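# Results of the structural survey
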Amino acid sequence: MKIDKIILKNYRQFKDAEISFKEKSNFDLHVIIGKNGTGKTNILSAINWCLYGDEPNLSKDSRQLPLLNLKSMEEGDYGEDKEIMVEVWGKTLNNKFVIFTRKTIYNIYESGKNLPTRISSEFEVKVTDNKGNTEIFKDEESESQVERFVPKRIREFFFFDGERLDNYFKEATGQNIRHAIFEISQIDLLENRVESRLSDTLKDLRREAGKENPEIEDTRSQLETNEKQLKEFDEQIKECNKQIALAKDKIKDYDEKLRGIPDIEAVEVRRDEIKTLKQQKKELLDEKLKEKENLLFEYGKVVMLYSPIKQSIKIIEEKRKKGELPPTQDKSLLENMVKEKSCLICGRPFDADVKKRVEDLLKEIKLSSEVAKQLEYMEGPLHNFEDKVMNFNNIMQKITKEVKGYEDDLADYEQELIKIDAETSGYNSEKIKDWHKERKKFEDSFTQNLQKLGGIDGKRKDILKNIENLKGQLDDELKKEKKVKKLKNQIDFCTKALNVVKKTKEIIMSETRKKIEDRTKDIFFGLLWKKATFKDVKIEEDYSINLIHSLGYECLGSVSAGERELLALSFTLALHEVSGFDSPILIDTPVARISDEHRVNFGKIFSEVSSNKQTILLFTPAEYSKDIKELLDVRASNRFALKLSSDEKETRVEVL
Amino acid sequence: MSNIPDRINVEKGERDNLYDKIELFKGKSRKEQFLFAMAIGFKNKVKRRLETTDGFFLIKDMRLEDEVLINAIAINDFNSVEVLSNKEDVFKIAEEYAHAGIKLLYDKMKSTQFGSFEKQFEKDIIDAYKELNLGEYGEKNTSS
C-alpha cells in the first residue's frame, strides 16, 4: 500500500493541512523540507498517531506539549470542543482505497490556565474497492486493517528517524537484528499461539498422568519445577544479554563523547600526585640549597684565607728544615737559668764560662717555646684546611649537580602541571567526570552481567541435563503404568509436536535470516558507490551483521557513517521485502549524519529506491544542500516546504 | 708577656646593626659569624680599628682550628710567627679584619637585589677559589 495523502486538522503545528503524495514521475519520491520546530517530525508522529494512537518517535518533552493546535486553542471559546483529526489515505496494490481516520475531541478551558481535556476519541478505517463498495471498520476491526498495512510491531522499520540508520548497527547489533528477523518472520504467532498452547497441553496431560501414580506425579512435579527454573534462567539470560548490550552501547557512546577529551578524574589524581611530588622535591631542594649554603660558608672562609694558611704551612716547613721545630731546647728555661745564674735542673751555680755558653745558646734559639708549641699545634689543622680547599671544587660540583637535578625535576613537574592545565582548560570538568563515572558504571554493569551470565549459563546446563533425565525417567514411569497408556500416547504426540514447532521456528528464523542477508547484500552492493571496497555482507548465526572488506577482514566497525547508514538502509529495505508488506518508507532527517561528500550518493540511492517503493523524506534546509537539491528537485514527484506562521502557532504546507 | 684576652670584641652596635641583619648568618654561632667576617676583611685586604668594643664571644668557645685561622692571619699580617706570643695582638688583628669585613658584607647585601644575595655570595666564593688558580681537582695550575 502507498500513502496517497495525509490530512491534518488541529494536530500540533498543523491547524489545517493536506499533503498529497501522488506519484507524478518515475520516482515515487516525496520531499518535505522544514526548519527545526516547523513540525517536520510531527508528520512522522501524525502517521503513528493516526494508525496506532501513539507517538513513539517524539521526545518526552514534545509529548507533553498539547496535541491540539495552539492557534485553534486560542481561537476557541471557553468550554468549546475542538476536534483533532489525522487522516491517512492509502491505495493498495489491488486498487482498494483505504482511509485511516483518527479523531479526538478536546474541551478548551480558559486560555493559559489549563490544558485542554480529552473528551473522546475514535478511530475508523474506510475501505473502498474498485467497484465503489465501501466498508467501514471500527474498534478491533479497524486495528486489524492497520495490521494489514504495517503491523504495529514492525512499524519501526517503516517510519523512523534517520539517526536510527546510523545507530542501527552501532547498538546491540545481534539483538536488534534478531528482534527484526523475529518480528518480520512473524514467528511470534507460532511461539505464542502454537508453542505455548502445546506446552500447556503437555503439562495438563502430565498432571493427569500424575494423578494415577504418585511416582509419576513426583517426577512430573520435579520436571515442571525444573522447566520453570529453566524458563527463569532463560529470562535472566535474556535480561543479562540486554544489560550487556546496553552497557556496550553506552560505553561506546561515552567513548565517542570522551574521544580526545582527557580523563579529568585521572588527570586530577595525576595533578595532585605531581603537586605532592613537587612539594617533596621542593623541600629536598631547599634542604640541598641550605646544605650548599653551609658548605659555601664553611669552605668559603677557608678559601678566602688560603694564602695565610699556605704561608703558615710554608713557615712551619722551613722551620722544620732548619731544625727549629720541634725545639731541642726550652728557651724560657735557659732564659730563667741565665737570670738565676744556676742550673734549674741540677741546682749547680753557673760560673762565667757556663753562663757565656748558655747565653750563646740562647742567641741561637730563634723560636720561643710558646711560639714553637703553637706552630706545632697549628700544623695539623692547617693541612686539614689545605685539603679542604683542594676538595672544594669537587664538593661544590657534586652538590651543584644534585641541586640541578632537583631543579630539573621541579621544572619537569612544573611543565607537566602546565600541560595538564592546558589539556583540561576549556573543558567542563564536572560534566566530564560525570561521563567517566557513568562510563565506569556501565563498565561495571557489563562485567557483572557477564559474570552473572557465566554463572546462570552453568546452572542452565545443569537444569537442562536434569530435565532430560527427568523426561527419560517420566517416560519410563509412564511406560510402566498401564493405566496411563492413552495419556502416554497423547504426551508423546504433544512432545513430538512441540519439538517440530521448535525446529520449525529455528528453520523459519534461519531461512528468514538467509533471505534478509541475501537481499541486504544485493541492495547494498546495488546501491554502493564504492563497488570494489567490500565483498560480502553476512548475518551470522548469532544474528550479528558483518561487512566483509575486499581484503577479507570484517570492517563494520571502521566504515564511514555513510557506508554504515547505507548498510542499515539496505537491511531495512530487505526487511520490507521479506516481510511482504509493501509499505512506504518514511525517513526523518535522512542524511543528518552523512558527510557532505556522501550526501549526493544518498540522494541517488533514495531516487533509486523510490523507483520501486514510495519514499518520503523529511529534510532540514541544511540537509537539503545544493547538491541534493539539484539531484532531487528534478526527480521528486512532490516537494513541500513547511512554513511556520509569524506567531509560531501554525505550520503551513507549501507546494514547491 | 701580654695579658691573654678572654673574649673577642666587635664594635659597639655592630652585633645588632650588622651581624644580626645578615640573612646568611642566621643559625650560625657568633664565632662562625665572626670568622667569616674576618675572612671577608682579609680577602679584601681591609681592616679597621675598633673605636669601641663589645664582647662578641668568649675565647674559650673557640676550637683549635678556629684559633689556627686567626693565628695564620696574624702571622701573615706581622710577617712573623713571633706575633703568636702576643695573643692580644693576634685577636686585635682578627677583630680589625672582622670589623671591616662585616661592613663590606652588609653593604654588599644591601646593594644586591632581594633574593640574589645568595647567588652573589656563591659567585664571590667561587671567584675567590678561581683566583687561587688551583686546577680542576684542586691542584695548583702551573701553566698560568
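Residues numbered from 1 in each chain as written. Chains lettered and ligands numbered in written order. Predicted model: local features only at pLDDT ≥ 70, side-chain atom pairs only at ≥ 80, totals over all residues. Heavy atoms only, no water.

We now examine the overall build of chain A. From N to C terminus, chain A includes 18 helices and 14 strands. For 656 residues, the compact-globule estimate of 2.2 N^0.38 gives 26 Å, and the C-alpha radius of gyration of chain A, at 49 Å, exceeds that figure by more than 25%. By principal-axis analysis of the C-alpha atoms, chain A measures approximately 175 × 85 × 60 Å. The buried share of chain A, taken over its 656 residues, is 45%. Partitioning the intrachain contacts of chain A with sequence separation of at least 6 by distance along the chain shows that 71% fall at a separation of at least 24. Accessible surface computed for chain A: about 35000 Å², of which carbon and sulfur atoms make up 48%. Looking at chain A, you have 120 positive and 126 negative side-chain charges, and the mean spots of the two groups are 1 Å apart. (Helix = DSSP H or I, 4+ residues; strand = E, 2+ residues; numbered from the N terminus. Rg over C-alpha atoms; globule rule 2.2 N^0.38 Å. Buried < 20%, exposed > 50% of the residue type's maximum accessible area, 1.4 Å probe, protein only. Contact = heavy atoms within 4.5 Å. Areas by Shrake-Rupley, 256 points an atom, 1.4 Å probe, with all protein chains shown as cover. Lys, Arg positive; Asp, Glu negative; His and termini not counted. Charge placed at Lys NZ, Arg CZ, Asp CG, Glu CD.)

Helices and strands together make up the secondary structure of chain B, namely five helices and two strands. Overall, chain B shows an N-to-C arrangement of helices and strands of β-α-α-β-α-α-α. Taken against the 2.2 N^0.38 rule, which gives 15 Å for 144 residues, the C-alpha radius of gyration of chain B at 16 Å falls within 12% of a compact globule. Projected onto the principal axes, the alpha-carbon positions of chain B cover approximately 45 × 40 × 25 Å. Within the span of chain B, comprising 144 residues, buried residues form 46% of the whole. Residue pairs in contact within chain B that sit at least 24 positions apart in sequence constitute 71% of those at least 6 positions apart. If you average the places of the 24 positive and of the 27 negative side-chain charges in chain B, the two averages end up 3 Å apart.

What follows concerns the domain arrangement of chain A. Domain boundaries assigned for chain A yield domain 1 (173-203 + 485-580) and domain 2 (268-327 + 367-403). Computed over C-alpha atoms, the centres of domain 1 of chain A and domain 2 of chain A are 89 Å apart. (Domains from an automatic or database assignment.)

Moving on, we come to the domain arrangement of chain B. All names here are of chain B. Taken domain by domain, chain B comprises domain 1 (7-111) and domain 2 (113-144). On a C-alpha basis, the centres of domain 1 and domain 2 stand 22 Å from each other. Tallying the contact residues gives eight residues for domain 1 and nine residues for domain 2. On the domain 1 side of the interface with domain 2, the three residues burying the most area are Leu24, Lys43 and Lys108, jointly 58% of the side's total. Summed over the shared surface of domain 1 and domain 2, the number is two salt bridges. For Lys108, the salt bridge is made with Asp124, and the minimal N-O distance between the two is 2.8 Å. Secondary structure elements with two or more residues in the side of domain 1 that touches domain 2: helix H2 (30-43) and helix H4 (87-111). Ranked by residue count, the leading element in the side of domain 1 that touches domain 2 is H4, at four residues. Class assignment for the residues of the side of domain 1 that touches domain 2 results in four nonpolar, one polar and three charged. (Buried area = accessible area lost by both parts, 1.4 Å probe. Salt bridge = Lys/Arg side-chain N within 4 Å of Asp/Glu carboxyl O. Nonpolar A, V, L, I, M, F, W, Y, C, P; charged D, E, K, R; others polar.)

Residues and elements named next belong to chain B. Contact geometry of H2 with helix H3 (residues 64-78) gives a least axis separation of 11 Å together with a crossing angle of 25°. The orientation of H2 relative to H3 falls into the category roughly parallel. Note on packing geometry: the crossing formed by H2 with H3 is left-handed. Across the interface between the two elements, Lys31, Phe34, Leu35, Met38 and Phe42 from H2 touch Asp66, Leu69, Ile70, Ile73 and Asn76 from H3. (Axes fitted to C-alpha atoms, helices over the stretch in contact; angles between N-to-C directions. Parallel < 35°, antiparallel > 145°, perpendicular 65-115°, else oblique. Left-handed = near helix turned anticlockwise from the far one by under 90°.)

Turning our eyes to something else, we now look at the packing of aromatic side chains. Tallied over the full model, the rule gives 17 aromatic pairs over all chains. Ring centres of Phe297 of chain A and Phe25 of chain B lie 5.8 Å apart, and the angle between their planes is 90°; this geometry places the pair in the edge-to-face category. Of this pair, Phe297 of chain A sits in helix H9 (residues 264-304) while Phe25 of chain B sits in the loop between helix H1 (14-17) and H2, on two different chains. Each member of the pair, Phe297 of chain A as well as Phe25 of chain B, carries the same accessibility label: buried. When the ring of Phe34 of chain B is compared with that of Phe57 of chain B, the centres are 5.6 Å apart and the planes differ by 70°; the resulting orientation is edge-to-face. A residue pair is termed long-range when its members are at least 10 positions apart, and Phe34 of chain B in helix H2 and Phe57 of chain B in strand S2 (residues 54-58) qualify at 23 residues. Here Phe34 of chain B matches Phe57 of chain B in class, with each residue buried. The rings of Phe297 of chain A together with Tyr19, Phe25, Phe34, Phe36, Phe56, Phe57 and Phe121 of chain B are connected pair by pair, giving a single aromatic cluster. In this arrangement the basic side chain of Lys28 of chain B is found over the ring face of Phe297 of chain A, its NZ or CZ atom lying 4.9 Å from the centre. (Phe/Tyr/Trp six-rings, centres within 6.5 Å; stacked < 30°, edge-to-face > 60°. Lys NZ or Arg CZ within 6 Å of the ring centre and 35° of its normal.)

Right, let's talk about the interface of chain A and chain B for a bit. Taken together, the contacts link 37 residues of chain A with 42 residues of chain B. Here chain A and chain B share an interface that buries about 3500 Å² over both sides, 73% of which is from carbon and sulfur atoms. Ranking the residues of chain A by area buried against chain B places Phe297, Met304 and Leu305 of chain A at the top, with a combined share of 21%. Across the contact surface, chain A and chain B share one salt bridge. Two residues, Glu122 of chain B and Lys292 of chain A, come together in a salt bridge whose shortest N-O distance is 2.7 Å. Put simply, chain A and chain B have seven residue pairs in polar contact (both at pLDDT 80 or more) between them. Among the elements of the structure, H9, helix H10 (306-321) and helix H13 (369-424) of chain A are those that each provide at least two residues to the side of chain A that touches chain B. In terms of residue count, the dominant contributor to the side of chain A that touches chain B is H13 of chain A (16 residues). Across the side of chain A that touches chain B, the residue classes break down as 21 nonpolar, 10 polar and six charged. (Polar contact = N/O pair within 3.5 Å; in protein donor to acceptor, adjacent residues only side chain to side chain.)

Quick look at the pairing of strand S5 (residues 97-107) of chain A now. Residue and element names in this part refer to chain A. Across the 11 residues that make up S5, a large majority, eight, are buried. By the bridge criterion, 11 bridges tie strand S4 (residues 81-91) to S5 in an arrangement that is antiparallel. Bridge pairing links Val86 to Arg102 in S5. Between the end of S4 and the start of S5, which pair antiparallel, lie five residues, with Asn95 showing a positive phi angle near 60°. Alignment of S5 against strand S6 (residues 117-128), held across 11 bridges, turns out to be antiparallel. Bridging from a neighbouring strand, Ile105 pairs with Ser120 of S6. (Pairing = 2+ DSSP bridges.)

As a further point, take the confidence of the model for chain B. Of all residues in chain B, 90% attain a pLDDT of 70 or more, and the chain-wide mean is 89. Within the model, the stretch residues 140-144 of chain B combines pLDDT values under 50 with eight contacts to residues more than four positions away or in other chains. (pLDDT = per-residue confidence, 0-100.)

Okay, the confidence of the model for chain A next. A residue-level look at chain A finds 96% of positions with pLDDT of 70 or above and a mean pLDDT of 84. When mean pLDDT is compared element by element in chain A, H10 of chain A scores highest at 94, while helix H5 (residues 162-168) of chain A scores lowest at 64.

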